[in-house]
Amino acid sequence: MNNKKSLLIPYITAGFPNKKLFVPILKTLSESADFIEVGVPYSDPLADGPTIQEASKIALENGVSLKWILETCHGIKTLHAKSLQQEIKPLILFSYFNPILQYGLEKLLRDLPKPLFYGLIIPDLPIEEAKKYLPLFKNYKLNLILLCAPTTNKIRLKQISHLSNGFIYLVSVTGVTGTRNNLSKELKNKIKELKSITKKPVVVGFGISDSKQASKVISYGADGVIVGSAIIKLLKENKNNPLSRLRVFMNSFRR
Amino acid sequence: MKSKSKGYFGNYGGMYVPETIIPALEELEIAFNKYKNNKEFNSELNLLLQTYAGRPTPLYFAKRLTEYFGRGKIYLKREDLCHTGAHKINNCIGQALLAKRLGKKRIIAETGAGQHGLATATVCALFDLKCDIYMGKIDIQRQELNVFKMKLLGANVIPVESGSQTLKDATSEAIRDWITNIKHTHYIIGSTVGPHPYPTIVSYFQSVIGKEVQKQVSKTPDYIVACVGGGSNSIGIFYPYVWGNHVRNSRDYSLRNRPLLIGIEAGGTSFKNGHHAATLSLGKPGVLHGSYSYLLQDKNGQIQEAHSISAGLDYPGVGPQHAFLKDKKIVTYKTISDKDALWAFKFLSKLEGIIPALESSHAIAYLKHLMPKTKKNETIIVCLSGRGDKDINTVRGNHKL
Ligand SMILES: Cc1ncc(COP(=O)(O)O)c(C=O)c1O
């Protein structure tokens, strides 16, 4: 992924492996990332494989809630020195819909610190349900980033890319999150199809675990990659020096 | 009934699922709308319901039960006499016929009590489809007879060890499997839950229960009582009285000639969090497994664990149609405790020679509260959704006979 213009977007589950590391992880990731996806832990993450399911469970046991994430992020904005705020790259809140519903969608959009937060990804909110909320996102100047899947046909691709804000998230595999050894053959065609429909940036996620796969996806024409389960795994396996290992891993994408 | 956008019942329902499965839901909706009025489809469905599932099921006048209470006349709708021992088969036959027409070669399902898993395994044997059933580890223990039957029928039973290891987690795992194998797999959801069009499809295939009742009674019954897990046997028996011919063209849901419809939820051991599965009575609206409905959750929107002695009611969600019917006050929802359900299990066995499923026992137990309010000339119909053989171990562990 030597092309500097490609977007590198890591995903973390907020408060995994513990609450204390949340801000340090954001800082470390900001050294190399363009955006950071901040996952809100949820009891029933339908689109996630075992790795993120487990991280979610641990974060919940650590007492992480949407409220805690907001408070901590406001802390970044106000308590810490200005420099820290500038140090942290724009954040994208990744949350299943129910925690958002119970917090209140409009309240959340109002409460998210801006411009620290760039937008939201809600994996269980397809366009059918998302449509009615789009004006709210506009009001609060936050992007609702919509997802496309390998199963999405051309008509829907057009609708989704028309409605999606900021960029378009293309799910690379027919499946849930988790690292994969191989990228599917259809991915190349799907990226091409999407790029022929829209001028908005297309980022590819689910299953991208190393720089080799990332480079391949970029060579297919994608504008960026999202790396999730691989980071969660790394944080899980390196309890002693998570930040330095994270730095090395992230830098491998920029070489 | 349909307001707002697609698949909504008032504010409830919808399709809150990852994009990956939306095309399959659309495909399913199109197939359902095409075949539900198709002559050939319906004759195949009806023939199987008659000659394979054993329909129509009898509406039995429970004389001794009626005498015991000394008030209104009690009738039991005998879904326990269906092939495989519960109403679940009605939905499975219908959905398997749809799956066949969609060209799907593999079926997955979630199961709690094992009755839906068993019915699914049965239709898969019948139609030569590969069958994988997700079942919580705890439910595998408490419903071991059904696990054995499913395996005998050629199904693969996959234990689910995440979360509460019961129906909720089995459903989540089944959805994850579907996301992964969407092209060749059909997911037979076992109740009126899940994303649109599932609640509509399942209630349609279960509406045969209520349509038969309409033909079997000489006058509109005064009360209909059914247990509510996800809500399929209850919606099935309520169906004609909520959405049938005489109300179809009417916006007035409070029609005078409707029976009093009562749904019974699992009250578990107490009304404390984690001790019950009384989703409609004690829960709050939210999104679980693809639809907006009542659910058991904490203030942060995390799903809470349910509890019921009966595995088929042990679920923190409920179908969106019930949420709608509750808010509109068309159906009244009550709870029955584990203890009272156990009492009813034993009571009906001794009094009528019918061993009810623990799920159905909740509906029977409610008669204790209902009957004193009824008059001699009134009729009460209880949906006996299944038979209790599967629950013998649970009851043996809880009760001295
Ligand atoms: C016999 C029986 N009755 C009732 C239920 C509850 O489901 P529903 O509310 O969908 O009828 C089950 C579920 O497993 C069951 O096996």
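So, how was this worked out
- Residues numbered from 1 in each chain as written.
- Chains lettered and ligands numbered in written order.
- Predicted model: local features only at pLDDT ≥ 70, side-chain atom pairs only at ≥ 80, totals over all residues.
- Helix = DSSP H or I, 4+ residues; strand = E, 2+ residues; numbered from the N terminus.
- Rg over C-alpha atoms; globule rule 2.2 N^0.38 Å.
- Buried ≥ 20, exposed ≤ 12 C-beta atoms within 10 Å, placed from the backbone.
- Contact = placed C-beta atoms within 7 Å.
- Near = placed C-beta within 6 Å.
- Nonpolar A, V, L, I, M, F, W, Y, C, P; charged D, E, K, R; others polar.
- Domains from an automatic or database assignment.
- Core = buried A, V, L, I, M, F, W, Y, C linked by C-beta atoms within 7 Å.
- Axes fitted to C-alpha atoms, helices over the stretch in contact; angles between N-to-C directions.
- Parallel < 35°, antiparallel > 145°, perpendicular 65-115°, else oblique.
- Left-handed = near helix turned anticlockwise from the far one by under 90°.

Trainee: It is not clear to me how the overall build of chain B should be interpreted in this structure. Could you clarify?
Mentor: Within chain B, the secondary structure is distributed over 18 helices and 14 strands. Its C-alpha atoms give chain B a radius of gyration of 19 Å, within 12% of the compact-globule value 21 Å for 401 residues. C-alpha extents for chain B along the principal axes are approximately 55 × 50 × 45 Å. Taking all 401 residues of chain B together, 59% fall into the buried category.

Trainee: What am I meant to see in the overall build of chain A here?
Mentor: The secondary structure content of chain A amounts to 13 helices and nine strands. Taking 18 Å as the expected radius of gyration for a compact globule of 255 residues, we find that chain A reaches 17 Å, a close match to that expectation. Across its three principal axes, chain A shows a C-alpha extent of roughly 45 × 40 × 35 Å. Counting all 255 residues of chain A, 50% fall into the buried class. Looking at chain A alone, contacts between residues at least 24 apart form 74% of all its contacts between residues at least 6 apart.

Trainee: Help me understand the site of the ligand, please; the structure alone is not making it clear to me.
Mentor: All names here are of chain B. Contacts to the ligand come from 21 residues, most closely from Gln 115, Gly 229, Ser 232, Gly 312 and Gly 386. Of all elements in the fold, only helix 5 (115-127), helix 11 (232-243) and helix 16 (358-365) reach the threshold of two or more residues within the shell around the ligand. The greatest single-element share of the shell around the ligand, amounting to three residues, is contributed by helix 11. The residue inventory of the shell around the ligand, partitioned by class, reads six nonpolar, 14 polar and one charged.

Trainee: It is not clear to me how the domain arrangement of chain B should be interpreted in this structure. Could you clarify?
Mentor: Often, the extent of an interface is quoted as the loss of accessible area upon association of its parts. All names here are of chain B. We note that the domain assignment places domain 1 (8-49 + 88-201) and domain 2 (56-85 + 207-398) within chain B. For domain 1 and domain 2, the distance between their C-alpha centres works out to 22 Å. Across the contact, 40 residues belong to domain 1 and 37 residues belong to domain 2. For the side of domain 1 that touches domain 2, the secondary structure elements donating two or more residues are strand 2 (12-13), helix 4 (88-101), helix 5, helix 6 (137-142), helix 7 (144-152) and helix 8 (167-180). Of the residues contributing to the side of domain 1 that touches domain 2, the split by class is 16 nonpolar, 19 polar and five charged.

Trainee: How should the interface of chain B and chain A be read in this particular structure?
Mentor: On the side of chain A, 30 residues touch chain B, which itself brings 27 residues to the contact. Top element by residues in the side of chain B that touches chain A is helix 8 of chain B. It accounts for five residues. Of the residues assigned to the side of chain B that touches chain A, the class counts are 12 nonpolar, 11 polar and four charged.

Trainee: Would you mind showing me how to read the environment of A:His74 here?
Mentor: Note on placement: A:His74 falls in helix 3 (residues 66-78). Along the sequence, A:His74 and A:Lys114 sit 40 residues apart, while their C-alpha atoms lie 9.4 Å from each other.

Trainee: I would appreciate a short explanation of the nonpolar core in the present structure.
Mentor: What tends to happen in soluble globular proteins is that the nonpolar side chains get buried as a cluster. One finds A:Val225 and B:Val225 to be the most contacted residues of the largest nonpolar core, which totals 205 residues. With seven residues, helix 4 of chain B is the single largest residue contributor to this core. If near-sequence neighbours (up to four positions away) are discounted, B:Val225 is found in contact with B:Ile262, B:Ile264, B:Ala363, B:Tyr366, B:Leu370, B:Ile380 and B:Val382.

Trainee: Quick question: what am I supposed to make of the environment of B:Thr374 here?
Mentor: Residues and elements named next belong to chain B. Mapped onto the elements, Thr 374 comes out in the loop between helix 17 (367-370) and strand 14 (379-384). For the pair formed by Thr 374 and Leu 48, sequence separation is 326 residues and the distance between their alpha carbons is 38 Å. In contact with Thr 374, other than residues within four places in its own chain, are Arg 71, Gly 72, Tyr 223 and Ile 380.

Trainee: I tried to follow unusual backbone geometry on my own but got confused; where do I start?
Mentor: Among all residues save glycine, negative phi is the norm, and among peptide bonds the norm is trans. Here the residue pair B:Arg55 and B:Pro56 is connected by a cis peptide bond, since its omega of -5° sits within 30 degrees of zero. The linkage connecting B:His196 with the following residue, B:Pro197, adopts the cis geometry, with an omega of 10°. Mapped onto the fold, B:Pro197 is located in the loop between strand 8 (185-187) and helix 9 (198-206). Positive phi, normally seen in glycine, also occurs at A:Phe206, with a value near 80°.

Trainee: Teacher, can you tell me more about the packing of helix 2 (residues 50-61) of chain A against helix 12 (residues 229-237) of chain A here?
Mentor: Two measures define how a pair of helices packs: the angle their axes make with one another and the distance between the axes. Residue and element names in this part refer to chain A. At a minimum axis distance of 9 Å, the contact between helix 2 and helix 12 shows a crossing angle of 55°. Put simply, helix 2 runs oblique to helix 12. Once helix 2 is placed against helix 12, the crossing between them reads as left-handed. Counting all contacts with helix 2, which are made through Thr 51, Ile 52 and Ala 55, the residues of helix 12 involved are Ser 229, Ile 232 and Lys 233. A breakdown of the residues in the contact of helix 2 with helix 12 according to their chemical character gives three nonpolar, two polar and one charged.

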